[in-house]
Amino acid sequence: MLPPAFCVLLIALAVYPLEGTGYGIRFMLQLFMWIALAQSWNLISGLTGYVSFGHIAFFGMGAYTAGILIVKLGWPWLWASLAGGVGALVLALVIGWPCLRLKGPYFAIAMLGLNEVLRVAVSYFEGLTGGGSGLSLPALYASVPIYYAMGLVALAVTALAYVIVTSRFGLRLMTIREDEVAAEAMGIDTFRYKLYAFLLSAVGPGIVGGLAARDQSYIEPISVFPLIMTITMIVMVLFGGKGTIWGPVLGAVLLFTLQEMIWARFIYVHQLLFGAIIVAVVLLMPRGILGVLQQKYNLPRTI
Amino acid sequence: MLGQVVISGLLAGALYAMVALGLGLIFGVMRVLNVSHGPLLMLGAYTTFWFFQWLGLNPYLSLVVSMPLLFLVGVVLQRFFVSRVVDAPELSSLLLTFGISIALVNLAQLAFTADLRSVEYLTGSFLLGPFAFSKSRVIACLFAIVITTGAFLFLKMTRLGKAIRAVSQSREVAQVCGVDVGRIHMIAFGIGSALAAAGGTLVAVMVAIQPEMGQVYTFKSFLVIVLGGAGNYPGALLGGLLLGLIEQVSSLFLTTQVNEAVAYVLLVLVLLVRPTGLLTGRAQ
Amino acid sequence: MATLLWSLGAVTLALLLGTAPAQAQAPIKIGASLSLTGTYAKPGTYQKEGYEVCADELNAKGGLLGRKVEFVMYDDQSSTQTAQRLYEKLITEDKVDAVMGPYSSGITESVAGITEKYKKVLVSPLAATTSIFRQGRKYIFMVISPAEVYLEGLVDMAARRGLKTIAVINEDTLFPKASTAGTVDMAKKKGLQIVLQESYPKGNTDFSALLVKLKAANPDIVAAATYFDDAVAITRQMRELNVNPKMFAVTVGGDIPEFYTLLKQNGEYVYGSTQWDEALPYPGQKEFLSAYTKKFKHEPSYHAAAGYAGCLIYAEAVKRAKSLDADLVRAELLKLKLRTAFGDYAVDHDGFQTAHKMVMIQWQDGKRIVVWPEDLANGKARYPTPPWNQR
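All values reported here derive from a predicted model rather than from experimental measurement.

**Structural notes on the overall build of chain A**
Helix and strand counts for chain A stand at 15 helices and two strands. Relative to the compact-globule value of 19 Å for 303 residues, chain A shows a C-alpha radius of gyration of 19 Å, a close match. Here the C-alpha coordinates of chain A stretch approximately 50 × 45 × 40 Å along the principal axes. Sequence-distant contacts, at least 24 apart, represent 79% of the contacts inside chain A between residues at least 6 apart.

**Overview of the overall build of chain B**
Looking only at helices and strands, one finds eleven helices and two strands in chain B. From first element to last, N terminus to C terminus, chain B shows the α and β order α-α-α-α-β-β-α-α-α-α-α-α-α. Taking 284 residues into account, the globule formula puts the C-alpha radius of gyration at 19 Å, and chain B, at 18 Å, falls close to it. Seen along its three principal axes, the alpha-carbon backbone of chain B occupies a region of about 60 × 45 × 35 Å. Within chain B, the fraction of its 284 residues that count as buried is 59%.

**Regarding the sheet that holds strand 14 (residues 367–372) of chain C**
Sheet strands line up and pair through hydrogen bonds in the backbone, either parallel or antiparallel. Residues and elements named next belong to chain C. An order of 7-6-8-9-10-13-14 is seen for the seven strands of this open sheet, with the pairing classed as mixed. The strands lining the two open edges of the sheet, one partner per strand, are strand 7 (193–200) and strand 14. When the angles between neighbouring strand axes are averaged without regard to direction, this sheet yields 25 degrees. The sheet contact formed by strand 8 (residues 221–225) and strand 9 (residues 247–250) spans four bridges and is parallel.

**Digging into the interface of chain B and chain A**
Each side of the interface is counted separately: chain B has 33 residues, and chain A has 32 residues. Elements represented by at least two residues in the side of chain B that touches chain A include exactly helix 4 (90–112), helix 9 (215–228) and helix 11 (259–273) of chain B. Per-element tally for the side of chain B that touches chain A: the top contributor is helix 4 of chain B, with 15 residues. Within the side of chain B that touches chain A, the residues separate by chemical class into 25 nonpolar, five polar and three charged.

**A word on the interface of chain C and chain A**
At the junction of the two partners, chain C supplies 36 residues and chain A supplies 36 residues. Counting residues per element, the ones that place at least two in the side of chain C that touches chain A are helix 1 (2–18), helix 3 (80–92), helix 4 (105–117) and helix 6 (174–189) of chain C. Among the elements that take part in the side of chain C that touches chain A, helix 1 of chain C stands out by supplying nine residues, more than any other. Of the residues assigned to the side of chain C that touches chain A, the class counts are nine nonpolar, 16 polar and eleven charged.

**Quick word on the pairing of strand 2 (residues 69–75) of chain C**
Each regular strand carries side chains that alternate between the two faces of the sheet. All names here are of chain C. Bridge count between strand 1 (residues 28–34) and strand 2: seven bridges; the pairing is parallel. When the sheet's bridge partners are listed, I28 is paired in strand 2 with V69. Following the backbone out of strand 1, through helix 2 (residues 41–60) and into the adjacent parallel strand 2, one traces a crossover that is right-handed.

**A short note on the sheet that holds strand 1 of chain C**
All names here are of chain C. Ordered by their spatial adjacency, five strands build an open sheet running 2-1-3-4-5, and the pairing between neighbours is parallel. Edge positions in the open sheet fall to strand 2 and strand 5 (140–142), since each of these has one partner strand only. Geometrically, the sheet is characterised by an average inter-axis angle of 25 degrees between neighbouring strands, direction not taken into account. Where strand 1 lies against strand 3 (residues 98–100), two bridges are found, and the strand directions are parallel. In the sheet register, I30 faces strand 3, and the bridge partner there is A98. In the packing of helix 3 onto the sheet, the strands contacted are strand 1, strand 2 and strand 3, and the crossing angle to strand 1 comes to about 170 degrees. This element, helix 11 (residues 302–321), spans strand 3 and strand 4 (122–124) of the sheet and lies at about 150 degrees to strand 3.

What counts and how
- Residues numbered from 1 in each chain as written.
- Chains lettered and ligands numbered in written order.
- Predicted model: local features only at pLDDT ≥ 70, side-chain atom pairs only at ≥ 80, totals over all residues.
- Helix = DSSP H or I, 4+ residues; strand = E, 2+ residues; numbered from the N terminus.
- Rg over C-alpha atoms; globule rule 2.2 N^0.38 Å.
- Contact = placed C-beta atoms within 7 Å.
- Buried ≥ 20, exposed ≤ 12 C-beta atoms within 10 Å, placed from the backbone.
- Pairing = 2+ DSSP bridges.
- Axes fitted to C-alpha atoms, helices over the stretch in contact; angles between N-to-C directions.
- Nonpolar A, V, L, I, M, F, W, Y, C, P; charged D, E, K, R; others polar.
- Right-handed = clockwise from strand over helix to strand, strands pointing away.

In structure tokens:
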């Protein structure tokens with residue numbers, strides 16, 4: 001069913017924690033997180049063409065939901081993270097319901113401001129969230145289980161992408177992307193499909209947000225709603241190939257590794273590079289690296 | 001207190017209106033949401049700062065420098081980048097201008113460093129009874145009014161202005177009438193950038209200048225366009241004033257924290273209830 | 001597909017290779033992540049410079065335990081996530097012998113869990129928030145005075161002059177909030193009335209509505225728990241709106257030279273709190289100043305001095321323990337009482353600083369004059385602050 005090379009890779013990743021250093025494990029766990037984030041962004045923006053500039057809001061929502069449950073109610077982190085996914089889902093419903101009725105540019109504007117509002121909400125409900133002081137989780141060293149959890153989420157979201165892209169549902173989403181007016185004329189209830197995609201795209205970030213909160217043991221508004229994370233998500237997907245299954249994974253792996261090994265030392269150059277990559281991809285490689293490879297090597301459409 | 005705040009709001013609103021008009025022009029003519037509008041404003045502010053620093057040029061005089069300079073920048077951006085995606089799905093132009101905005105902000109970080117700069121030219125205020133009006137804000141408002149009026153006269157009276165309005169209404173028809181649409185696109189983007197630069201120059205005297213300063217204006221400009229109605233140029237004016245007022249008044253009755261959320265909730269409400277804008281009758 | 005597998009494989013391989021055990025080196029490696037870029041770039045860089053001056057001084061005197069001292073420092077970009085990764089890297093991959101703290105309470109809080117996990121002593125020169133040190137952690141030590149007492153001088157001076165009303169505003173992040181809580185507490189104890197208390201979001205630039213409210217409340221004193229950008233903006237906008245309290249103080253930012261460079265005349269009469277000033281009568285000041293200015297060509301801020309002192313304090317404990325073993329060093333740090341160019345050091349059982357004193361400065365004629373406490377002051381406060389239009 002799955003290609004053997006892929007199975008070998010999965011096994012290698014599964015046994016890595018036995019060999020790896022604390023740093024290596026944390027690196028891989030964050031890589032899984034980015035794969036999950038990029039893939040989730042792909043579900044809404046890559047497939048439907050609705051650019052979600054505020055997607056990191058779901059990550060932050062998941063982080064705070066899980067954090068509050070762990071600190072105030074003593075929930076175990078795994079359940080708290082799943083609850084984080086649910087929290088993100090609720091947020092997506094609340095935001096998506098009004099905003100997805102609008103056409104693309106207006107949706108983008110609405111999402112742009114979302115982060116700020118959430119930051120304000122966090123500060124407002126200080127008693128619950130610790131406001132600007134942040135939330136400290138009780139000490140727990142669980143890098144290895146979290147590594148597996150993140151890995152599973154990354155796998156799950158990628159599998160979800162596979163299922164969607166190869167289904168009628170996915171086809172409908174892509175129709176919306178190509179020409180929304182025509183899609184509606186064909187009788188597709190665009191609002192409903194957009195909403196489903198949006199909801200699905202929020203769960204992944206919600207769960208990994210919760211896991212990341214547990215891993216870092218401390219969250220404050222600035223660290224969970226930063227613009228740079230949205231930018232990074234977007235660049236990863238664009239670079240790898242939006243609307244594909246493996247594009248986001250490829251983009252995440254390449255960019256995160258490069259970032260960690262080289263660019264992180266030159267922060268402004270690094271961000272500048274991201275901006276330049278976005279421009280270059282949009283103008284020259286709209287289908288990302290995978291798109292280029294697809295043309296060159298005649299790869300299957302759904303990849 | 002309320003009186004002071006209302007006047008502060010209107011003063012700020014005039015500035016928002018001018019900057020938003022720039023964004024609105026670009027959107028109206030090309031249907032491109034220029035996410036890099038804020039960074040263009042920032043570049044205008046830095047232009048003013050550097051000319052003040054090196055040549056001692058009066059910041060208000062530097063309008064003569066910053067506006068043409070950013071007009072050119074806008075033209076270049078349009079010609080080499082944006083023009084390629086004008087017909088593509090909106091996703092592309094959004095992402096493109098998003099990428100440009102990141103690039104501009106980080107170029108500024110590298111070139112100018114993140115150190116705060118300021119143009120210490122005009123501090124202090126006019127005292128009128130119990131009201132105190134910051135001198136720089138009042139003058140900024142006056143200039144904004146002059147520039148915006150100038151822009152409107154341009155759009156209404158000159159041939160170029162009419163051509164721009166024609167393309168905003170219908171590109172195909174304008175083309176048939178002999179308008180060089182490509183040229184109009186470049187000019188519109190240039191003017192939009194120049195208006196952003198003017199905003200930057202005026203603001204440079206009031207706030208600390210740093211590479212990220214423009215981001216908040218991008219969102220506010222979007223908000224004004226939504227309030228006034230996309231493509232509705234006079235609407236942008238009223239939208240700007242309205243935003244300025246709402247911001248200041250809500251800060252007074254609520255706390256500064258909640259301020260940003262108010263603007264946002266307003267945005268979502270307007271988008272839901274009257275997506276064509278509060279002040280426009282015709283859909284664009 | 002193949003590309004993906006290859007790249008994943010390459011990454012895994014690189015990481016596995018990178019974990020080969022390091023050879024035992026002669027110099028003592030001390031690791032730290034500092035904020036060299038991002039929001040905290042300035043103070044983070046100063047702190048790094050302080051560490052370097054300390055290392056030079058130790059090495060000039062024969063090193064520590066007979067070995068050279070070498071700092072291994074990374075840039076955490078003012079981000080808690082990055083800092084955590086870096087401390088983990090320093091400890092597990094670079095295998096440093098010891099670590100020193102990063103800049104800011106927020107980042108220190110986020111890495112404290114890691115240093116506790118690996119049982120490494122963390123002397124934290126720039127973490128001022130009490131809560132970090134009250135969570136039962138064993139290996140973390142505070143050097144500077146806590147956030148809560150930053151404005152102790154202001155409250156004390158105000159009470160002695162018989163002032164009655166105070167307004168407190170703050171940025172909504174960890175340190176300013178703690179500072180505000182402490183200020184409000186001290187004010188109440190001294191019988192002052194809080195007429196306004198409001199916080200503003202980080203990154204806020206427009207304080208006009210807030211200041212309008214504040215002006216209407218007519219406080220004798222205005223206390224602002226700030227960082228740098230907001231301190232500058234608030235001062236400027238107070239001038240624009242003609243807000244005239246008899247005393248106006250900020251916390252962080254008021255003592256940095258750039259404060260006056262940006263505000264010029266408008267910075268006069270503003271009080272600031274600082275953990276250290278070069279005019280203070282502490283031993284070793286001259287040596288520190290000359291070594292620092294020679295190496296970096298500008299004057300040190302308190303962040304540099306704190307970094308310098310923190311490193312010296314750690315070194316002293318190691319000397320007394322005659323070892324780098326974390327538990328032995330920890331025991332010494334708990335007992336240690338030391339006075340450096342930065343001031344006094346002594347901690348309680350939680351590692352919480354008890355001896356160090358904050359001072360208040362006031363900008364007078366473009367210079368910082370220490371005006372409180374009396375035994376450390378080198379000038380008198382100019383009181384009351386005259387209204388803007390009478391200057």
